[in-house]
Amino acid sequence: LQQYNAYQLFQLNEQSVLNLKGETDDLLKLTGKYFDETKVLSERLAAKNANALFDFYVAKSRLEYLFGDRQKAYEYALLAEPMEDAMSGMMFVPEQLFFLSLAAAAIYPGAQKKLRKQIRRSIEKNSKRFEKWSYHCEANYGHKYCIVKGLLSQIQGDTSGALASYRKAAVLAVNNAYLLEEAI
């Protein structure tokens, strides 16, 4: 079939799962049984393959947020942003926005004033998108919307609003079997 890009996406996702399960030498590197970022990334950059690069940056952002450096998670999520149009309608877009929001909120306290303003605007924009998606399918997006809404409340200093959103997110995540978001 010669579906090289689809095959590489499958390999990337297989490797991501191994990393998430801790079955790799380095949790932060997508290098192992199924994928080798040191080889594949240069190919994707040379080919200017927006879909493949977007997927890679989302996977790296997720791993950095969960196991590594939140600043790097934010940077990887930002690298994916200009390629969002190539992913229109795909599940990877909400995933990118979710980890962008998480990482942005994590670095917010130590950020300079100008960056804090950008972060706040970004999370506000992402919250509106998740609200719309949640309205259409609460089972898939309600918990993410509540988490992003809680992040926004948190950076605005509304601790009680943040806690209420996080509690609702946990209930929705449990009810719809989203274990990762329940843990977050």
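Look a little higher up for the structure.
Reading the values: rules and limits
Residues numbered from 1 in each chain as written. Predicted model: local features only at pLDDT ≥ 70, side-chain atom pairs only at ≥ 80, totals over all residues. Heavy atoms only, no water. Helix = DSSP H or I, 4+ residues; strand = E, 2+ residues; numbered from the N terminus. Rg over C-alpha atoms; globule rule 2.2 N^0.38 Å. Buried < 20%, exposed > 50% of the residue type's maximum accessible area, 1.4 Å probe, protein only. Contact = heavy atoms within 4.5 Å. Areas by Shrake-Rupley, 256 points an atom, 1.4 Å probe, with all protein chains shown as cover. Lys, Arg positive; Asp, Glu negative; His and termini not counted. Charge placed at Lys NZ, Arg CZ, Asp CG, Glu CD. Arc of directions from axis to C-beta. Axes fitted to C-alpha atoms, helices over the stretch in contact; angles between N-to-C directions. Parallel < 35°, antiparallel > 145°, perpendicular 65-115°, else oblique. Nonpolar A, V, L, I, M, F, W, Y, C, P; charged D, E, K, R; others polar.

**Some thoughts on the overall build of the protein**
A tally of helices and strands in the protein yields nine helices and zero strands. Its helices and strands taken in sequence order, the protein reads α-α-α-α-α-α-α-α-α from the N to the C terminus. The C-alpha radius of gyration of the protein comes to 17 Å, within 12% of the 16 Å expected for a compact globule of 184 residues. With respect to the three principal axes, the spread of C-alpha positions in the protein is 50 × 40 × 30 Å. Burial status across the protein gives 43% buried among its 184 residues. A fraction of 55% describes how many contacts in the protein between residues 6 or more apart in sequence connect residues 24 or more apart. Entry remark: accessible area of the protein is about 10300 Å², with carbon and sulfur atoms responsible for 52%. If the 24 positive side-chain charges of the protein are averaged to one point and the 21 negative ones to another, these points end up 7 Å apart.

**Some details on unusual backbone geometry**
Backbone geometry at Lys48 places phi at a positive 50°, although glycine is not the residue there. Locating Lys48 in the fold gives a position in the loop between α2 (37–47) and α3 (50–67). Backbone geometry at Ala177 places phi at a positive 60°, although glycine is not the residue there. Along the chain, the position of Ala177 falls in the loop between α8 (159–175) and α9 (179–183).

**Some remarks on α2**
Each α-helix turn comprises 3.6 residues. Residues three or four places apart therefore point the same way. Every buried residue of α2 is listed here: Glu37, Val40 and Arg44. The arc enclosing the buried residues of α2, seen along the axis, measures out at 80°, which places them on a common side. For α2, the exposed residues lying more than 90 degrees away from the buried face are Thr38, Lys39 and Ala46. As for α2, its buried residues are in contact with α1 (4–20) and α3. Lys48, located one to two residues past α2, shows a positive phi value of around 50°.

**Things to note about the packing of α1 against α3**
Orientation of α1 relative to α3, taken along the N-to-C sense of each, is 5°, at an axis distance of 11 Å. What the angle tells us is that α1 and α3 run roughly parallel. Facing Leu9, Leu12, Ser16, Asn19 and Leu20 of α1, the residues of α3 in contact are Asp55, Phe56, Ala59, Arg62, Leu63, Leu66 and Phe67. The residue makeup of the contact of α1 with α3, split by class, is eight nonpolar, two polar and two charged.

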